[in-house]
Each structure stands twice: as structure tokens, then as C-alpha cells.
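# Examination of the molecular architecture
Listed here are the chains, written in short residue letters.
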Amino acid sequence: MTEHAPRYRRILLKLSGEALLGHADYGIDPEVLGRIAGEIREVASLGVQVGVVIGGGNIFRGAGLAASGMDRVTADHMGMLATVMNALAMQDALERMGLPARVMSAIKINEVCEDYIRRRAIRHLEKGRVTIFAAGTGNPFFTTDSAAALRAIEIGAEILIKATKVDGVYDADPGRYPNARRFARVSYEEVIQHDLRVMDTAAIALCRDYSMPLRIYDMNREGGLIRIVRGEELGTLVAHREA
């Protein structure tokens, strides 16, 4: 592998809805959206096939709505629709940069995007189209973290990359505990046993059962995504224990 050749042929990038907020309290910050789209375009220019799952927490978070008294199934359906809105915004940002993109929804919403069909999704990826998976798994009670793990496995991604607001996994909240220790690598079992809150337990269990490596990195570090794709050990790798 040459110095600038990508390590991975196909990746799944998980973005939280909050990632699109920027400094706003609600909705999408066009500047942040453009920056993330630019990083995806840079990765795609290396020939890497990119799938994306975006949450909807910048608009509606189903669990939060349910906690305030709304029926949980209704709240989760609203959250799914919020992810479709974010996915369409990302598709638009990418296509304005000249990069073809497709939104595929786990719930039927044919007027605005395609239904999720695994073989069609893989075909889009093979043709160099960024494929954005919306509406989570299509089922209430499952998070977009679980959807990201599921889609990564289904499309045969070589790694699941989760963009967050911190530079990896710590043994305590680094915002509250300055001496918190960051892990360079941690096992799926340790994440679950110690409740490290990398992703929800169902998502981690899926990654573990299908040996899907997961890398957590700080999305605010410009250029971080392409550095990971080129093989740099940014953030924290979650994988099986080393022999």
C-alpha cells in the first residue's frame, strides 16, 4: 500500500443529528453540513465507497419525546422522519459538490427517496455513489447506532466509523474528569461490561457478533476522516481482544 492509498475499500460513516447543529440550537448549520460533505467527497475521491447513516437528534429525538409523555412508537416514527430530512440535506450538499449520492429509506417514502434494498444499495456503492441510509432500521425502539451497525454489516463495509464530539473512548467523562484516560483500543466486551457508552448495547453486540471494527473519532478535527481511511490510528478502535 502506498503512502496515500486508502486502507479501506468500503466504509460506513455514522453521524449524529447533533453533528449538523453547529452552534445552533435546532436544525442544520449549512457551514457544518458543507464541511462534512467536503470530507466525504475527499474520501470518495480516493475510490473509497462510502455509506452514511445520520441520526435525527437535531430535529426530533424519539426517546426524548417519549420521556415527555408521547407514545414511544409515534415518537420514534417522528425521529425516523427527521433522519430522512437530514439525509436529504446531505445528499443535496454532496451533489452540489459534484458527487453523486442516493438516499435510501427504511420506511416507504417513495416521493422523496428510494426504499432501502440491500442489493441496490451495494450497486450504488459500486458505481461510486455515496449511499445515505435514512429512517434507522425502520422499526421503533431501535437507535440509529443500531441501524449503522446493521447497515455496515449488510453492505459488507470493512469498518464502521462513528463521528462524535470527543476524540475517542475514555474510562470516564473527559468533560467532567480532566484525568480521564483515553483508550487507543478497547474490546466489544469491555465496552459492554464497563458501560462505556460508545454506542448502545445492541449496536455493539451486532458489531461483536459479526466482527465489525468500530472506530470512534472527533468529527471537529478537520481532515480526521480521510486520515482514518488512509490508515492513521485516530481516536479509539473497538474490536475483538488481541490474541
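Described in the following lines is the structure provided in the data block. Computed from a predicted structure; not experimentally measured.

Calculation rules
Residues numbered from 1 in each chain as written. Predicted model: local features only at pLDDT ≥ 70, side-chain atom pairs only at ≥ 80, totals over all residues. Heavy atoms only, no water. Core = buried A, V, L, I, M, F, W, Y, C linked by side-chain atoms within 4.5 Å. Buried < 20%, exposed > 50% of the residue type's maximum accessible area, 1.4 Å probe, protein only. Helix = DSSP H or I, 4+ residues; strand = E, 2+ residues; numbered from the N terminus. Phe/Tyr/Trp six-rings, centres within 6.5 Å; stacked < 30°, edge-to-face > 60°. Lys NZ or Arg CZ within 6 Å of the ring centre and 35° of its normal.

So, about the nonpolar core. In terms of nonpolar packing, the biggest core is built from 43 residues, with Ile11, Ile40, Met90, Leu94, Val130 and Ile132 touching the most fellow members. For this core, the secondary structure elements donating two or more residues are strand S1 (10-15), helix H1 (30-44), strand S2 (49-54), helix H3 (72-96), strand S3 (101-105), strand S5 (130-134), strand S6 (159-164) and helix H8 (224-229). Counting residues in each nonpolar core, the second largest holds 31 residues, with Ala148, Ala152, Met199 and Val238 among its members.

Per the counting criterion, the structure on display carries one aromatic pair. Aromatic pair Tyr116 and Phe133: ring centres 5.6 Å apart, planes at 85 degrees, arrangement edge-to-face. Within this pair, whereas Tyr116 is found in the loop between strand S4 (114-115) and helix H4 (118-126), its partner Phe133 is found in strand S5, the two being separated by 17 residues in sequence. Judged by relative accessible area, Tyr116 falls into the buried class, the value being 16%. Residue Phe133 is classed as buried on the basis of its relative accessible area of 3%. Its guanidinium or amino end placed over the ring of Tyr116, Arg151 lies 3.8 Å from that ring's centre, counting from NZ or CZ.

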